[in-house]
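Inside the fold
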Amino acid sequence: MKIISTAERPVNLLEIIGASIVGGMETYVLRLLERLPQDSFRVTCLCVAEGKLASQLRSIGCSVHITPITDEPDWQAVLLGSSLIRTDAIDVIHAHLPNAHSLAGILSRLTDTPAVSTIHGRYVSMRDFEVHKLMNTHINVVAKTAYFHALTLGVPSTKLRFIPNGIDTKIFQPAPKSNYLHSLIKIPPETPLVGFIGRLSPEKGPGVFVQVARIAQRKLKNCHFVLVGEGPMRRELQKEIDEYGLTDHIHIVGLQRDITKIYPCLDLVVSTSYSEAMPLVIVEAMASGLPVVATNVGGVVDIVEVGGTGLLKGPGDTEGLANDVITLMTDNSTRIQMGAAARKRAEEKFDLSDIVAQTAQLLRSLTQGGIKGSDADTTKGYRKARS
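Reference entry: report on the structure contained in this document. (Residues numbered from 1 in each chain as written. Predicted model: local features only at pLDDT ≥ 70, side-chain atom pairs only at ≥ 80, totals over all residues. Heavy atoms only, no water.)

1. Quick look at the overall build of the protein chain
For clarity, the cut-off: Secondary structure follows DSSP: runs of H or I at least 4 residues long count as helices, runs of E at least 2 residues long count as strands, and numbering of each begins at the N terminus. To get the radius of gyration, use the C-alpha atoms; to get the globule rule, take the number of residues to the power 0.38 and multiply by 2.2 Å. Working definition: with a 1.4 Å probe on protein chains only, accessible area under 20% of the residue-type maximum means buried, over 50% means exposed, and in between means partly exposed. Contact criterion: two residues are considered in contact whenever any of their non-hydrogen atoms come within 4.5 Å of each other. A residue counts as positive if it is Lys or Arg and as negative if it is Asp or Glu; His and the chain ends are not included. One atom stands in for each charge, and that atom is NZ of Lys, CZ of Arg, CG of Asp or CD of Glu.
When its secondary structure is counted, the protein chain shows 14 helices and 13 strands. The C-alpha atoms of the protein chain give a radius of gyration of 22 Å, which matches the 21 Å a tight globule of 387 residues would have. For the protein chain, the spread of C-alpha atoms along the principal axes amounts to about 75 × 40 × 35 Å. Relative to its 387 residues, the protein chain shows a buried fraction of 56%. Taking contacts inside the protein chain between residues at least 6 apart in sequence as the whole, the part at least 24 apart equals 67%. Positive and negative side-chain charges of the protein chain, numbering 41 and 39 respectively, have mean locations separated by a distance of 4 Å.

2. Here's the deal with the sheet that holds strand E3 (residues 63-66)
The following threshold applies: Any two strands with at least two DSSP bridges between them are considered paired. Here an axis means a line fitted to C-alpha atoms, over the contact stretch when the element is a helix, while the angle between two N-to-C directions is reported on a 0 to 180 degree scale.
Taken together, the seven strands give an open sheet; going across it, the order is E3-E2-E1-E4-E5-E6-E7, and neighbouring strands pair in parallel fashion. Each edge of the open sheet carries a strand with a single partner, namely E3 and strand E7 (160-162). Neighbour to neighbour, the strand axes of the sheet diverge by 20 degrees on average, direction disregarded. The pairing of strand E1 (residues 11-17) with strand E4 (residues 92-96) spans five bridges and is classified as parallel. Within the sheet, the bridge partner assigned to Leu14 lies in E4 and is Ile93.

3. Notes on helix H5 (residues 126-135)
Along an α-helix, a turn takes 3.6 residues, which lines up residues three or four apart on a common side. Our working definition: Note that the arc is defined by the directions from the helix axis to the C-beta atoms.
All of the buried residues along H5 are Asp128, Phe129, Val131 and His132. Along H5, the residues classed as buried sweep out an arc of 165 degrees about the axis, all on the same side. Exposed residues on H5 whose side chains face more than 90 degrees from its buried face are Lys133 and Leu134. Its buried side turned inward, H5 meets helix H4 (98-111), strand E5 (115-119), strand E6 (138-141) and helix H6 (144-153).

4. Focus on the environment of Ala285
Looking at where Ala285 falls in the secondary structure, it is placed in helix H10 (residues 280-287). Sequence separation of Ala285 and Ala346 is 61 residues, and the distance between their C-alpha atoms is 9.2 Å. The contact partners of Ala285, leaving out residues within four places of it in the chain, are Tyr263, Val269, Leu290 and Val292.

5. Some points on the pairing of E3
Put simply, the rule is: We call a crossover right-handed when, viewed with the strands running away from us, the connection from the first strand over the helix to the second turns clockwise.
Pairing of strand E2 (residues 41-47) with E3 involves four bridges; the strand directions are parallel. Along E3, the bridge assignment pairs Leu46 with His65. The parallel pair E2 and E3, bridged by helix H2 (residues 52-59), forms a crossover whose chirality is right-handed.

6. Regarding the pattern of salt bridges
The line we're drawing: Salt bridge, as used here: a side-chain nitrogen of Lys or Arg that lies within 4 Å of a carboxyl oxygen of Asp or Glu.
Applying the stated criterion to the full structure yields eleven salt bridges. The residue Asp267 makes a salt bridge to Lys177 at a minimum N-O spacing of 3.1 Å. Within this pair, whereas Asp267 is found in the loop between strand E10 (250-254) and strand E11 (268-271), its partner Lys177 is found in the loop between E7 and helix H7 (180-185), the two being separated by 90 residues in sequence. Relative accessible area serves as the criterion here: at 14%, Asp267 is assigned to the buried category. Judged by relative accessible area, which is 56%, Lys177 ranks as exposed. For Glu230, the salt bridge goes to Arg234, with nearest N and O atoms at 2.7 Å. Classification of Glu230 as partly exposed rests on a relative accessible area of 34%. Salt bridges here are not isolated pairs; linked through shared partners, they connect Glu34, Arg35 and Asp168.

7. Some remarks on the packing of helix H8 (residues 206-217) against helix H12 (residues 318-329)
Filter applied, for reference: Convention used here: angles under 35 degrees read as roughly parallel, angles over 145 as roughly antiparallel, angles from 65 to 115 as roughly perpendicular, and any remaining angle as oblique. Crossing handedness follows the turn of the near helix against the far one: under a right angle anticlockwise gives a left-handed crossing, and clockwise gives a right-handed one. Residue polarity follows a fixed list, in which Ala, Val, Leu, Ile, Met, Phe, Trp, Tyr, Cys and Pro are nonpolar, Asp, Glu, Lys and Arg are charged, and the others, Gly among them, are polar.
It is the contact of H8 with H12, at a shortest axis distance of 8 Å, that shows an interaxial angle of 55 degrees. If you check the angle between H8 and H12, you find them oblique. As for the relative orientation of H8 and H12, their crossing is right-handed in sense. Every residue of H12 that contacts H8 at Val208, Gln211, Val212, Ile215 and Ala216 is listed here: Thr318, Glu319, Leu321, Ala322, Val325 and Ile326. Along the lines of polarity and charge, the residues of the contact of H8 with H12 split into eight nonpolar, two polar and one charged.

Geometry only, nothing functional implied.
If you want it as structure tokens, here you go:
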């Protein structure tokens, strides 16, 4: 039987996705898979449940299978995964979240298939580290904090890669001012608008944004503030807004399916998270030509150039964040200048085509026996190519 190298045919890729809510990690996976060259990669996915994510994956041409993906790998998932690796001639496994990494590690050992897990958080979890040590998997991180944390834990550079999140700068780009949100919340189209975009959950700090808006609105009488997103804190936030008597100036519009409609409505984006790795919202805002006021957590400092593309304060610093909002909203020339610089930085550092190319190179290099590149050496041992 003739042996065909992976350099001569498409790489067969198994993606194991450990959650089904369409958030930052899931958006990363969708954007990656829809842009991987179809003549170079054939993609099979293991998902935890049917739903929007599974449907979207099928719509972009992926073969999707559903199985339990638990913290302690389910035997059904192990059987299905190992069968798929044989029948689909999988060359490399790519996991997302610790539960998926655990399953990928077991499948990797059982089938002699290289595996890599992308860490979407600001640090490497103990579960991810344990799987790496036991199963000899590779680790890819999206935040520099996670990269240096992994090195500190003892992950060798030959098993580690840093590839940041990226966005399509052709989709997210400066656009003429829009009154889409203004119409939705029934305010005049010329009204200045400051936005929070994200899940309404504690780690994102939407309550901090409400406090920032309350303080800033005292000086920015004509400015309105909007929360774009859905989550468990919505009712609590609305109650707080009502109690402050600010329902006319702070608005919750819920989940917006076409996020590209949102940025042209805004003058400034505020991120109040207590924990982040490399938030896509900040990069999207910058690519759309908007400056950012944000909390200095996780990989945010690697995205925002302080004083150049935005301003940073410590998590929970409502007074400091509010003062930054006031500063930028009362200085149009500085705000516009920062927005232009933000666009340039997004194009240079976080363009999705570059990120996809780096990820494709990583996945292909694993089928050849090791990570190659300026920040890693070739690992020992070569895996047999499948016919």
